[in-house]
Amino acid sequence: MSPITAPQSLAASKRRQALFLFFLITGLALASWVTRTPAIRDQLGVSIAQMGLILFSISVGAMSGILSSGHWVRRFGTRPVITTGMFLLLGGLVVLAVGIALALTMLVTLGLGLFGLGVGLGEIALNIEGAEVERLTQRPTLSMLHAGFSFGTFVGGLLGIWLASLAFPVAWHVGLTVLCCFPVTLYALRAIPAGFAQHLQGEHKKPVAKVSMWQDKQLLFIGLIVLGMALAEGAATDWIPILMVDEHGFDAALGSMLYTGFAGMMALGRFSGHYFLTRFGRVRVVRASALLGVIGIGLVIFASNPWLAAGAVLFWGLGTSLGFPLSISAASDTGPHPEARVSAVATAGYVAFLAGPPLLGFVGEHASLRHALLIVLVLVGTAFFLARAVEPKVRFK
């Protein structure tokens, strides 16, 4: 690939910064209500199973967005899809805030459904954009972009803990988050080029190729890696505050603080990803990440000492930090049709991230959340053994 020119380099830099802001906003928006889930549950007066059902609305929305995002990107390009996704995300938060203020479970469910739809639509397009910027600049980019998401959840978590300590109303917290994020969204959209990844059937255009994981064994293994890592991240995002309160005896403030610690370790792992990638390579980093994840999740499940379980949350965050972005990078450069490959793997990841945790809630209602996490432990352990799949130009017989 020939070096890009100075103007192209400047455009790619602005594009990367805009993508970082989108990931940051998504993390901040997510943390604005995740850190307050114990208070939301109490305000609505629902059980663990009912809370899982409410969270399942995110999955319904996200699945709709995820499964249709590739189609809309091929038809209109990434920019309109990102725009629609971000506006749905922020609009869902507005509905959520109203639902919390009125203690209306159905309105909260609708708001989370819109939030999930926005995330599902936008995140696939954002990862396709990120993979393209990585290809253009020949620099690790996706780990840094996903670090923006983790940093957003970390900052949002700290803010949530502080506001919870002040007994600040959750509805106002979520509403103010929207007011802060909306102008940043409008600013960042200007740097996303129009028409990228748009492949319309026409006289001189061919439709983008579609790929199947079932016909590409390496892509299937990459999909399994991202499935485990994304589920581990999603399970922590949705359940750590309640898990630490109900299973390990911490109060709501400490439960939210431990989630914030998880998010902080995720951010640390992703911000340092470039160093470890250039020093050790992608396969070793994925293996080490999975091993740390197994240690962290295993201790959270089996430790009888609550403070040992609390410390294990940090290993959980660090261990699962790089699995998702490195899998997206691997999908992009291990075969033909990188946009289609990224879309397929990102879809698997976001399905696991968003749809998996509510299902864990249903298992947890009958067995306990700790026992439900055994599913996550097995899948992250599987990622350790499949790590070779992320190496470029690997051939599986």
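## Some remarks on the side chain of Thr26
Part 1 of the argument: Topologically, Thr26 is positioned in helix H1 (residues 6–34).
Part 2 of the argument: Apart from residues no more than four positions distant in its own chain, Thr26 is found in contact with Met86, Leu89, Val119, Glu123 and Phe149.

## A word on the packing of aromatic side chains
Part 1 of the argument: With the rule as written, the count across this model stands at 11 aromatic pairs.
Part 2 of the argument: Geometrically, the ring pair formed by Trp72 and Phe76 is stacked, given 5.8 Å between the ring centres and 15° between the ring planes. Of this pair, Trp72 and Phe76 both sit in helix H3 (residues 48–76), four residues apart, which is roughly one turn of the helix.
Part 3 of the argument: Residue class for Phe76 comes out partly exposed when judged on its relative accessible area of 38%.
Part 4 of the argument: Aromatic pair Phe87 and Phe182: ring centres 5.9 Å apart, planes at 35°, arrangement tilted. Here Phe87 is found in helix H4 (residues 78–102), whereas its partner Phe182 is found in helix H7 (residues 170–189), with 95 residues between them in sequence.
Part 5 of the argument: On the basis of relative accessibility, which here comes to 37%, the residue Phe87 falls in the partly exposed class.
Part 6 of the argument: Taken together, the aromatic side chains of Phe20, Phe151 and Phe271 make up a single cluster linked through ring pairs.

## Things to note about unusual backbone geometry
Part 1 of the argument: Backbone geometry at Ala103 places phi at a positive 55°, although glycine is not the residue there.
Part 2 of the argument: Here Ala103 lies in the loop between H4 and helix H5 (105–137).
Part 3 of the argument: Look at Ala103 and you get partly exposed, because its relative accessible area is 38%.
Part 4 of the argument: Positive phi, close to 55°, is recorded for Ala167, a residue that is not glycine.
Part 5 of the argument: When you line up the elements, Ala167 lands in the loop between helix H6 (142–165) and H7.
Part 6 of the argument: The exposure class assigned to Ala167 is exposed, which follows from its relative accessible area of 63%.

## Some words on the pattern of salt bridges
Part 1 of the argument: Enumeration according to the criterion identifies five salt bridges in this entry.
Part 2 of the argument: Linking Arg15 and Glu129 is a salt bridge whose minimum nitrogen-to-oxygen distance equals 2.6 Å. Placement of the pair is Arg15 in helix H1 and Glu129 in helix H5, with a sequence separation of 114 residues. Just as Arg15 is buried, Glu129 falls in that class too.
Part 3 of the argument: A salt bridge links Glu233 to Arg270, with the nearest nitrogen and oxygen atoms 3.0 Å apart. Remark: Arg270 occurs in helix H9 (residues 252–271) and Glu233 occurs in helix H8 (residues 217–246); sequence separation between them is 37 residues.
Part 4 of the argument: With a relative accessible area of 3%, Glu233 lands in the buried category.

## What about H3?
Part 1 of the argument: Over its 29 residues, H3 extends 40 Å from the first C-alpha to the last, a length consistent with the 42 Å expected when each residue adds 1.5 Å.
Part 2 of the argument: Most pronounced at Ser69, the bend in H3 amounts to some 40°.
Part 3 of the argument: Among the residues trailing H3, Gly77 stands out with phi positive, at a value near 95°.

## Let's talk about the state of the cysteines
Part 1 of the argument: Considering all chains together, one arrives at zero disulfides under this definition.
Part 2 of the argument: Lacking any disulfide linkage, Cys180 is separated from the closest cysteine sulfur, that of Cys181, by 6.5 Å.
Part 3 of the argument: Here Cys181 falls in the buried class, since its relative accessible area comes to 2%.

## Quick look at H5
Part 1 of the argument: Spanning 33 residues, H5 covers 46 Å between terminal C-alpha atoms, matching the ideal 48 Å at 1.5 Å per step.
Part 2 of the argument: Counted residue by residue, H5 has 25 buried out of 33 residues, so it is predominantly covered.
Part 3 of the argument: Just downstream of H5 lies Gln138, where phi reads positive at about 55°.

## Brief notes about the side chain of Arg36
Part 1 of the argument: By the secondary structure assignment, Arg36 is in the loop between H1 and helix H2 (37–44).
Part 2 of the argument: Asp42 provides the closest opposite charge to the buried, salt-bridge-free Arg36, at an N-O distance of 10 Å.
Part 3 of the argument: At 3.1 Å, the side chain of Arg36 forms a polar contact with the side chain of His173.
Part 4 of the argument: Arg36 has contacts with Gly160, Leu163, Ala164, Phe168, Pro169, Val170 and His173, leaving out every residue within four places of it along the chain.

## A few points about the packing of H8 against H9
Part 1 of the argument: Where H8 meets H9, the closest approach of the two axes is 6 Å, and the angle between their N-to-C directions is 150°. Comparing the axis directions of H8 and H9 gives the class roughly antiparallel. Regarding H8 and H9, the two cross each other, and that crossing is right-handed. Across the interface between the two elements, Glu233, Ala236, Thr237, Ile240, Pro241, Met244 and Val245 from H8 touch Ala252, Gly255, Ser256, Leu258, Tyr259, Phe262, Met266 and Arg270 from H9.
Part 2 of the argument: Broken down by class, the residue content of the contact of H8 with H9 amounts to 10 nonpolar, three polar and two charged.

## Some words on a nonpolar patch on the surface
Part 1 of the argument: On the surface, Leu53, Phe56, Val60, Leu359 and Phe362 cluster together to form a nonpolar patch covering roughly 430 Å² of accessible area.
Part 2 of the argument: Those elements giving two or more residues to the nonpolar patch turn out to be H3 and helix H14 (338–367).
Part 3 of the argument: Looking at the nonpolar patch element by element, the count peaks at three residues for H3.
Part 4 of the argument: Accessibility expressed as a relative area gives 32% for Phe56, which makes it partly exposed.

Cut-offs used in this document
All chains use their own residue numbering, which begins from 1 and follows the written sequence. Since the coordinates come from a predicted model, pLDDT governs what is reported: local features require at least 70, and pairs of side-chain atoms require 80 or more to be given and counted, while whole-chain, interface and lining totals use all residues. In computing side-chain properties, one takes all heavy atoms of the structure into account and sets aside hydrogens as well as water. Segments assigned H or I by DSSP are reported as helices when at least four residues long, segments assigned E as strands when at least two residues long, and all are numbered from the N terminus. Contacts between residues were defined by any pair of non-hydrogen atoms, one from each residue, lying within 4.5 Å. Stacked, tilted and edge-to-face are the three classes assigned to paired rings of Phe, Tyr and Trp, where Trp is represented by its six-membered ring and a pair needs centres within 6.5 Å; plane angles under 30 degrees give stacked, over 60 edge-to-face, the rest tilted. Each residue's exposure class comes from its accessible area (1.4 Å probe, protein chains only) as a fraction of the maximum for that residue type: buried when under 20%, exposed when over 50%, partly exposed otherwise. Salt bridges are identified by distance alone: a Lys or Arg side-chain nitrogen within 4 Å of an Asp or Glu carboxyl oxygen. The span one expects for a helix is its residue count, reduced by one, times 1.5 Å. The angle separating two fitted axes, one through the seven residues that finish at a residue and one through the seven that start at it, defines the bend at that residue. Only a pair of cysteine sulfur atoms within 2.5 Å qualifies as a disulfide here. In this tally, Lys and Arg are treated as positive and Asp and Glu as negative; His is ignored, and so are the chain termini. The term polar contact refers here to a pair of N or O atoms within 3.5 Å; inside protein, the definition further demands a hydrogen-donor-capable atom paired with an acceptor-capable atom, and it admits residues adjacent in sequence only when both atoms are side-chain atoms. Geometry is summarised by axes, namely lines fitted to C-alpha atoms with helices restricted to the contacting stretch, and by angles between N-to-C directions that run from 0 to 180 degrees. Orientation labels follow simple angle bins: below 35 degrees gives roughly parallel, above 145 gives roughly antiparallel, 65 to 115 gives roughly perpendicular, and whatever is left gives oblique. Note: crossing handedness is left-handed where the near helix turns anticlockwise from the far helix by less than a right angle, and right-handed where it turns clockwise. Lys, Arg, Asp and Glu make up the charged group, whereas Ala, Val, Leu, Ile, Met, Phe, Trp, Tyr, Cys and Pro make up the nonpolar group; the residues left over, Gly among them, are polar. Residues forming no salt bridge and having over 30% relative accessible area are the ones grouped into patches, like charges within 9 Å of each other and nonpolar side chains (Val, Leu, Ile, Met, Phe, Trp, Tyr) within 5 Å. Methods summary: accessible areas were calculated by the Shrake-Rupley approach with a probe of 1.4 Å, and residue burial reflects only the protein chains presented.

As far as function goes, none of this settles anything; it's purely spatial.
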